[in-house]
Amino acid sequence: MALLEVKNLEVNYGLIKAIKGVSFEVNEGEIVALIGANGAGKTTIMHAINCILDKMSGKVFFDGKDITHARAHSLVGMGMSQVPEGRRIFQELTVFENLQLGYYSKKDKKKFEEKLNEMYSNFPILKERSKQIAGTLSGGEQQMLAMSRALMSSPKLLLLDEPSMGLSPLYVNTIFDMIKKVNEMGTTVLLVEQNAKKALSIADKAYVLEIGKMTKSGTGSELLNDDSVKKAYLGG
Amino acid sequence: MSTIIDGLSLGAIYALIALGYTMVYGIAKMLNFAHGDIIMVGAYALYSTLLLGQSPVVSVLAIIISIVACVVLGVVVERFAYRPLRGATPLAVLITAIGVSYMLQSIAQLIFKAKSRPVSFSIPGTTFGIHNSTILTLVVGTVVMVALTLFVNYTKTGRAMVAVSEDRAAAELMGINSNFIISLTFAIGSALAACAAIFYLMQIPLVNPTFGAMPGIKAFTAAVIGGIGSIPGAMIGGVLLGVVEKICLSIPAIAPYTTAIEFSCLIVILLVKPTGLLGRKRREKV
């Protein structure tokens with residue numbers, strides 16, 4: 001059974017139809033990528049799954065439960081966690097406090113230390129800077145923090161919205177290596193990316209989104225070698 | 001010296017009210033212009049309970065009822081007047097707040113009529129030539145503010161408040177119920193307003209339907225002076241304004257211009273530092 005199932009999703013911004021009937025599945029253990037150009041509706045889909053946007057028709061199921069009209073904050077407890085577009089870390093709080101908020105939905109104090117140490121060993125720089133105000137971190141470090149913050153709650157499904165945005169190629173590699181590692185440790189990943197080449201190279205399954213519709217799907221390597229995808233998203 | 005103590009004490013009252021404005025602004029991103037009228041309701045709650053008689057038990061009961069009434073009112077107003085407007089233009093919310101303010105004043109006028117009613121609720125006597133009520137205000141005000149600072153900075157819920165204030169959507173993604181946090185903020189702000197009402201009545205023992213208007217607008221001024229959204233800013237702004245007011249009142253030549261001078265402080269500070277003393281400019285998120 002699919003861990004996440006999106007059925008005929010439609011989202012409107014006022015009179016504009018941003019998402020026109022999108023369906024897809026994410027199975028347990030997979031890395032699934034949604035690729036597409038600017039304005040294709042990738043982030044809108046993420047927000048709809050996360051119930052930040054509520055005006056929609058269609059259904060979203062997570063872990064067998066209908067979460068179409070769930071409250072956004074209840075999803076973390078169910079095992080879904082998101083790294084939002086643009087990182088959205090809490091700039092005025094310290095690195096440590098950001099990680100603490102990532103654990104907000106859980107109560108076990110001992111497990112918190114464990115998770116914290118896990119994050120610090122994933123990205124040692126975060127340990128070094130744990131007392132630093134998060135807004136002073138570099139973009140790459142902020143992305144590491146946003147990802148660690150999302151992982152603090154030990155999610156079953158991790159949603160990543162444009163994790164490579166605005167990062168140097170070096171940091172992009174670090175982040176993608178971590179996505180692979182997290183996945184190997186058992187977390188299912190749904191990844192939204194403009195950097196199609198990177199996304200397809202690690203994806204088990206991928207969907208191509210064009211102005212609110214799914215136009216293609218396949219395994220990561222199938223799409224990497226698909227002529228039309230190559231032309232449109234991979235620079236020929 | 002006693003002028004300064006009086007000023008600090010009045011400042012503590014302004015600070016308590018200003019905290020309500022600033023916390024609600026910081027977390028719900030709205031100016032709650034009905035906040036002053038919450039003070040008025042607190043004062044009437046105290047007045048009504050004191051009609052039961054004069055005894056320490058009634059006094060304690062009156063304080064509790066006053067605080068509970070304000071907390072319930074604050075939460076109810078947020079739930080039914082402001083929450084449906086979440087996501088509406090700021091102007092709509094602002095006008096609603098003004099509407100709530102007039103509504104509360106009119107209801108008070110219907111029940112209690114327009115005339116001022118005397119409330120004798122102060123501690124008689126002096127210590128070192130300073131009224132005991134003044135000292136009490138200063139002590140309790142300080143304790144409450146320290147407690148609030150500790151709560152916001154060192155508890156999980158306090159941290160969640162900071163998170164919601166900075167980025168409500170991201171806070172939701174952490175599993176924080178932002179509606180609950182906003183309700184809590186209104187509850188705390190209203191409880192502080194009730195405390196302010198009680199202390200204010202010790203200084204001015206008369207309550208009428210516009211009782212909250214003047215301290216409300218002065219506390220709002222204090223919150224803006226300190227940098228709206230900033231908790232320590234509201235405390236500093238409140239104390240500053242209280243001290244300025246008492247100093248002006250103590251000099252006969254400028255006493256009649258006291259209010260004008262206080263509001264001029266706001267203009268001067270905004271000209272020099274538009275974000276207020278401790279206000280920070282937030283980076284706009286794109």
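**Q** Can you help me understand the overall build of chain A in this one?
**A** Counting secondary structure elements, chain A contains ten helices and ten strands. Its C-alpha atoms give chain A a radius of gyration of 17 Å, within 12% of the compact-globule value 18 Å for 236 residues. The dimensions of chain A, computed from C-alpha atoms along their principal axes, are 45 × 40 × 35 Å. Evaluated residue by residue, chain A yields a buried proportion of 52% over its 236 residues. Here the analysis covers contacts within chain A between residues at least 6 apart in sequence; of these, 67% occur between residues at least 24 apart.

**Q** What exactly am I supposed to notice about the packing of aromatic side chains here?
**A** Within a pair of aromatic rings, the relevant descriptors are the distance that separates the centres and the angle that separates the planes. Counting across every chain of the model gives ten aromatic pairs over all chains. With 6.3 Å between their ring centres and 85° between their planes, B:Tyr44 and B:Tyr47 make a pair best called edge-to-face. Remark: B:Tyr47 and B:Tyr44 occur in helix H2 (residues 35–50); sequence separation between them is three residues, near one turn of the helix. With respect to burial, B:Tyr44 and B:Tyr47 carry one shared label: buried. By way of ring pairs, the aromatic residues A:Phe96, A:Tyr103 and A:Phe112 are connected into one cluster. The ring centre of B:Phe80 lies 5.4 Å from the NZ or CZ of B:Arg79, which sits over that ring.

**Q** Help me understand the side chain of A:Asn122, please; the structure alone is not making it clear to me.
**A** All names here are of chain A. Within the secondary structure, Asn 122 sits in helix H4 (residues 109–122). Look at Asn 122 and you get buried, because its relative accessible area is 15%. Here the side chain of Asn 122 touches Lys 181 through a polar contact of 3.0 Å, side chain to side chain. In this structure, Asn 122 is in contact with Met 178 and Lys 181, ignoring residues within four places of it in sequence.

**Q** How should I be thinking about the pattern of salt bridges in this particular structure?
**A** Here the idea is simple: oppositely charged side chains can pair when their charged atoms come close. For the structure shown, the criterion picks out 14 salt bridges over all chains. Note that A:Glu5 and A:Lys7 form a salt bridge whose closest N and O atoms lie 3.9 Å from each other. Accessibility expressed as a relative area gives 38% for A:Lys7, which makes it partly exposed. When the shortest N-O distance is used, the salt bridge between A:Lys216 and A:Asp226 registers 3.9 Å. With A:Lys216 in strand E10 (residues 213–218) and A:Asp226 in the loop between helix H9 (220–224) and helix H10 (227–233), the pair connects residues that are ten residues apart, well separated along the chain. The exposure class of A:Lys216 is partly exposed, given its relative accessible area of 30%. Sharing partners across several salt bridges, the network here consists of B:Glu78, B:Arg83 and B:Arg86.

**Q** For this particular structure, what's the right way to read a nonpolar patch on the surface?
**A** All names here are of chain B. Nonpolar side chains collect at one region of the surface, where Val 60, Ile 64, Val 68, Val 72, Val 76 and Phe 80 lie side by side and expose about 550 Å² of accessible area between them. Positionally, Ile 64 belongs in helix H3 (residues 56–82). Residue class for Ile 64 comes out partly exposed when judged on its relative accessible area of 47%.

**Q** Please clarify how the sheet that holds strand E3 (residues 31–36) of chain A should be interpreted in this entry.
**A** Within a beta sheet, neighbouring strands are joined by backbone hydrogen bonds and run either parallel or antiparallel to one another. All names here are of chain A. Within the open sheet, the six strands sit side by side as E6-E7-E8-E3-E9-E10. Their pairing is mixed. Edge positions in the open sheet fall to strand E6 (80–83) and E10, since each of these has one partner strand only. Each adjacent strand pair in this sheet contributes to an overall mean axis angle of 20°, direction not counted. Pairing of E3 with strand E8 (residues 188–193) involves five bridges; the strand directions are parallel. The partner of Ile 35 across the bridge, within E8, is Glu 193. Sitting on the sheet, helix H6 (residues 139–151) touches E6 and strand E7 (157–161), and the angle it makes with E6 is about 170°.

**Q** Hey, could you run me through the pairing of E3(A) in this one?
**A** Within a regular beta strand, the side chains point alternately toward one face of the sheet and then the other, so they alternate between its two faces. Residues and elements named next belong to chain A. The element E3 is extensively covered by neighbouring structure, given that six of its six residues are classed as buried. Where burial is concerned, the two faces of E3 agree: the one with Ile 31, Ala 33 and Ile 35 and the one with Val 32, Leu 34 and Gly 36 are both buried. Summarising the sheet, E3 and strand E9 (residues 205–210) pair through five bridges and their orientation is parallel. Note on E9: the bridge partner recorded for Leu 34 is Tyr 207.

**Q** Can you help me understand the confidence of the model for chain B in this one?
**A** Residues shown with low pLDDT carry predicted positions that ought not to be read at fine detail. Scored by pLDDT, chain B comes out at a mean of 89, with 97% of its residues at no less than 70. The complex model carries a pTM of 0.88, and its ipTM stands at 0.87.

**Q** I would appreciate a short explanation of the nonpolar core in the present structure.
**A** Generally speaking, nonpolar side chains in soluble globular proteins are found buried as a group. Formed by 85 residues in total, the largest nonpolar core has its most connected members in B:Tyr82 and B:Ile176. When residues of this core are assigned to their parent elements, the largest contribution, 16 residues, is made by helix H8 (residues 178–203) of chain B. The contact partners of B:Tyr82, leaving out residues within four places of it in the chain, are B:Met30, B:Asn32, B:Ala34, B:Val77, B:Thr96, B:Ala97, B:Val100 and B:Phe186. Formed by 45 residues, the second largest nonpolar core is a distinct cluster that contains A:Val83, A:Tyr120, A:Ala196 and A:Ala199.

**Q** Can you help me understand the layout of surface pockets in this one?
**A** To find leftover empty space, a probe the size of one water molecule is rolled over the atoms. When its volume is computed, the second largest pocket comes out at roughly 1,100 Å³. In terms of lining residues, the second largest pocket is bounded by 37 residues, among which A:Ile52, B:Arg86, B:Gly87, B:Arg168 and B:Ser178 are the most central. Of all the elements in the fold, those that place two or more residues in the lining of the second largest pocket are strand E1 (2–13) of chain A together with helix H1 (2–28), H3, helix H4 (90–112), helix H6 (156–166), helix H7 (168–173) and H8 of chain B. When the residues that make up the lining of the second largest pocket are grouped by side-chain class, the tally is 19 nonpolar, seven polar and eleven charged.

**Q** Where do I start with the interface of chain B and chain A in this structure?
**A** The figure often quoted for interface size is the accessible area lost as the parts come together. Listed by partner, the interface residues are 21 residues for chain B and 23 residues for chain A. For the chain B and chain A pair, buried surface summed over both sides reaches about 2,200 Å², with 57% attributable to carbon and sulfur atoms. By the criterion of area lost to chain A, the three top residues of chain B are B:Arg159, B:Leu173 and B:Met174, representing 33% of everything that side buries. The tally of links between chain B and chain A comes to two salt bridges. Notably, a salt bridge pairs A:Glu97 with B:Arg159, separated by 3.1 Å at the nearest N-O pair. Elements with a minimum of two residues in the side of chain B that touches chain A: H6 and H7 of chain B. The residue inventory of the side of chain B that touches chain A, partitioned by class, reads nine nonpolar, three polar and nine charged.

What counts and how
- Residue positions are counted from 1 within each chain, in the order its sequence is given.
- Think of it this way: whatever chain is written first is A, whatever ligand is written first is 1, and the rest follow in order.
- Given that the model is predicted, a residue must reach a pLDDT of at least 70 before its local features are reported, and side-chain atom pairs must reach 80 or more before they are shown or counted; all residues, however, enter totals for whole chains, interfaces and linings.
- Hydrogens and waters are ignored; side-chain quantities use all the structure's heavy atoms.
- We count a stretch as a helix when DSSP gives it H or I for four or more residues in a row; a strand needs E for two or more, and each element gets its number in order from the N terminus.
- Note on method: radius of gyration uses C-alpha positions; expected globular size equals 2.2 Å times residues raised to 0.38.
- Burial here depends on accessible area, computed with a 1.4 Å probe over protein chains only, as a share of the maximum for the residue type. Under 20% is buried, over 50% is exposed, and the range in between is partly exposed.
- By definition in these notes, contact holds between two residues if any of their heavy atoms fall within 4.5 Å.
- Ring pairs shown here join Phe, Tyr and Trp side chains whose ring centres sit within 6.5 Å, with only the six-membered ring taken for Trp; geometry is labelled stacked below 30 degrees between planes, edge-to-face above 60, and tilted in between.
- Counting as a charge over the ring demands two things of the Lys NZ or Arg CZ atom: a distance within 6 Å of the ring centre and an angle within 35 degrees of the ring normal.
- Pairs of N or O atoms are called polar contacts if they sit within 3.5 Å, as long as, within protein, a hydrogen donor faces a hydrogen acceptor (for residues adjacent in sequence, only side-chain-to-side-chain pairs).
- The salt bridge definition used is simple: a Lys or Arg side-chain nitrogen within 4 Å of an Asp or Glu carboxyl oxygen.
- Each patch is built from residues that are more than 30% exposed by relative accessible area and take part in no salt bridge. Like charges join if they lie within 9 Å; nonpolar side chains (Val, Leu, Ile, Met, Phe, Trp, Tyr) join within 5 Å.
- Accessible areas in this description were obtained via Shrake-Rupley with a 1.4 Å probe; residue shielding takes into account the shown protein chains only.
- Here, a strand pair is defined by DSSP locating no fewer than two bridges between the strands.
- Angles shown run from 0 to 180 degrees and are taken between the N-to-C directions of axes, each axis being a line fitted to C-alpha atoms and, for helices, limited to the stretch in contact.
- As a per-residue quantity, pLDDT reports the predictor's confidence and falls between 0 and 100.
- Side-chain atoms within 4.5 Å link the members of a nonpolar core, which is a set of buried Ala, Val, Leu, Ile, Met, Phe, Trp, Tyr and Cys residues.
- Of the two site types, the cavity is a set of points on a 1 Å grid over the protein atoms alone where a 1.4 Å probe fits but cannot get out, and the pocket is an open set with protein on both sides within 12 Å along at least five of seven lines, each lined by residues with an atom within 4 Å of a point.
- Grid points are joined across faces, edges and corners, and a volume is the space filled by probe spheres set on the points.
- Basically, the charged four are Asp, Glu, Lys and Arg, the nonpolar ten are Ala, Val, Leu, Ile, Met, Phe, Trp, Tyr, Cys and Pro, and anything else, Gly included, counts as polar.
- Accessible area that two parts lose when put together, evaluated with a 1.4 Å probe and summed over both, is termed the buried area.

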